[in-house]
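So you can see what is in the structure, the chains are spelled out below.
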Protein chains: 2
Amino acid sequence: MAYGYKIGSIPLTTVQRFASYLPALRDMQRQGRSVVSSASLAEMLRLEAIQVRKDFGYLGITGRPKTGFQVDDLIGAMEHGLSWNRVSDAILVGTGHLGTALLNYRGFGYHGLAIKAAFDIAPDRVGALINGVQVQHLDEMKPFMDAKMAILTVSPESAQEVALRLVRAGITGIWNFTGRTLLLPEPIVVQDQDIAIGLAVLSAKLTARAREAIEAESKPPA
Amino acid sequence: MAYGYKIGSIPLTTVQRFASYLPALRDMQRQGRSVVSSASLAEMLRLEAIQVRKDFGYLGITGRPKTGFQVDDLIGAMEHGLSWNRVSDAILVGTGHLGTALLNYRGFGYHGLAIKAAFDIAPDRVGALINGVQVQHLDEMKPFMDAKMAILTVSPESAQEVALRLVRAGITGIWNFTGRTLLLPEPIVVQDQDIAIGLAVLSAKLTARAREAIEAESKPPA
DNA sequence: ACAGTATCGATACCTTTTTATCGATACCAT
DNA sequence: ATGGTATCGATAAAAAGGTATCGATACTGT
């Protein structure tokens, strides 16, 4: 096997879906709804009911026929199972537009993330206050900071170098937006996030759809 | 089957990898390198050589033993097969931090995207110039614009409403950053991009790794 | 209480995706 | 030329992930 398909014993795809169930469930919780059926959640998220049930199976949560699943149970199990309950601190390096956007993003709270510090090297950025976080100079980054996760939003050119500094500062997980593949010692977990991929897929889908339409037209309906 | 696994006859996962091969190959091309082996590309992107070869198989590109694949051929085949060569226009709605970050992002060119117009409703944003694009009021959005793709970076609250306006304006593909599931007529292609998922996965991986470490410690090495 | 029904959960099945194997081919060094 | 070797490509096996089926269960209304 190449590398981590699974997270613990849970399929990666399931974990990803957990991440989208969670906000939906939190909304329900807030609205006072205490139970939800796999079918209704599936419809909400454009999935299949059976897939939702199977996913929940991994959590060990069991529903009740005719009623559904307890919203609280589901949230609890997801948060506990994936440590989205304990708020883990993260730091962010690179306060360009993307970095700033992430510092201002409100959705991370669902997954227990709080960005506690931000770093940059540009003199005109150091000292700025972004969404309550003061930008510090990269040189200020100290190994004793207790964040274990870092968000890397620097330029591709400096990606590798900054990543190594992060590792030296005790970071064990890097969320990499730079588009460069980072070469780091084994135990570091790197999550690559190439924003352009989503677009590329959309564009490819549109092309495929357009082609299908043309083909469908050339041969008259059966 | 639920819905689109495949794009044309190419697996979705393969298309995603294409999107990351492409910049790497373009770099090589720029550096004058004309051939590349599946093994070296795989190492560069942390994949398996065989997977790279299989992906290339979908393109109909054939390599040569002992040498590898022609970089130009690969680039050409990917761009042509997925229409990343023809530049397609897109519009962006919602010029908050994320929208601004995307307007400033330089990686879209690899996939043939040009953001031609930006819209918002906030009076203090309308009229601003972001990376050469003038922000217009949403009401200015006209059905006759020839962009078929839209990037949706508005607040979750207004997501559905704005999406409907986009469809009425002739948009057929929406790249949805709002985190809300959009309910739209069938032929519209929606690509959901929940930025928090990447983080959630990273956090879950770190947790899993930590647990593994603990388990490995409790039972001494075999 | 009882029938009717919505919903779950276990099992089995099927599809998609990844990985392994291995013969064939083209380059390189001698 | 010839042998050695890196690399490909076809085929097949394995793994992962998704879907269907269907009996079991608990709520609802009479």
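That block above? That's the structure.
This write-up is about the structure you can find in this document. (Residues numbered from 1 in each chain as written. Chains lettered and ligands numbered in written order. Predicted model: local features only at pLDDT ≥ 70, side-chain atom pairs only at ≥ 80, totals over all residues. Heavy atoms only, no water.)

### With respect to the relation of the copies chain A and chain B
Of the transformation superimposing chain A on chain B, the axial component is 0.0 Å and the angular component is 180 degrees, with the fit at an RMSD of 0.2 Å. What we have between these two chains is a two-fold relation. Most of the interface of chain A is mirrored in chain B, where 98% of its interface residues are also at the interface. (Least-squares fit on C-alpha atoms with pLDDT ≥ 70 in both. Contact = heavy atoms within 4.5 Å.)

### Details of the sheet that holds strand β10 (residues 173-176) of chain B
Taken together, the seven strands give an open sheet; going across it, the order is β7-β8-β6-β5-β9-β10-β11 (chain B), and neighbouring strands pair in mixed fashion. Looking at the sheet topology across the chains shown, the edges are occupied by β7 (129-130) and β11 (189-192) of chain B. The sheet contacts of helix α7 (residues 195-218) of chain A involve β6 (113-120), β9 (149-152), β10 and β11 of chain B, and relative to β11 of chain B the element is tilted by about 165 degrees. (Pairing = 2+ DSSP bridges. Helix = DSSP H or I, 4+ residues; strand = E, 2+ residues; numbered from the N terminus. Axes fitted to C-alpha atoms, helices over the stretch in contact; angles between N-to-C directions.)

### Describing the protein's contact with DNA strand D
In the neighbourhood of DNA strand D, 29 residues make up the surrounding shell, with I50 of chain A together with Y5, S38, T62 and G63 of chain B lying closest. When the atoms of DNA strand D within 4 Å of the protein are sorted by group, sugar and phosphate make up 67%. One of the side-chain nitrogen or oxygen atoms of R64 of chain A is found 3.3 Å away from a phosphate oxygen of DNA strand D. For the surface near DNA strand D, the secondary-structure elements that each account for two or more residues are α1 (12-30) and α3 (49-59) of chain A together with α3 (49-59) of chain B. Considered class by class, the residues forming the surface near DNA strand D number 10 nonpolar, nine polar and 10 charged. (Near = heavy atom within 4 Å. Polar contact = N/O pair within 3.5 Å; in protein donor to acceptor, adjacent residues only side chain to side chain. Nonpolar A, V, L, I, M, F, W, Y, C, P; charged D, E, K, R; others polar.)

### Looking at the packing of helix α1 (residues 12-30) of chain B against helix α4 (residues 71-81) of chain B
All names here are of chain B. Packing of α1 against α4 leaves a shortest axis separation of 10 Å and a crossing angle of 140 degrees. Classified by the angle between their axes, α1 and α4 sit oblique to one another. The hand of the α1/α4 crossing is left-handed. On the side of α1, the interface is formed by F18, Y21, L22, L25, R26, M28 and Q29, while α4 contributes V71, D72, L74, I75, M78 and E79. (Parallel < 35°, antiparallel > 145°, perpendicular 65-115°, else oblique. Left-handed = near helix turned anticlockwise from the far one by under 90°.)

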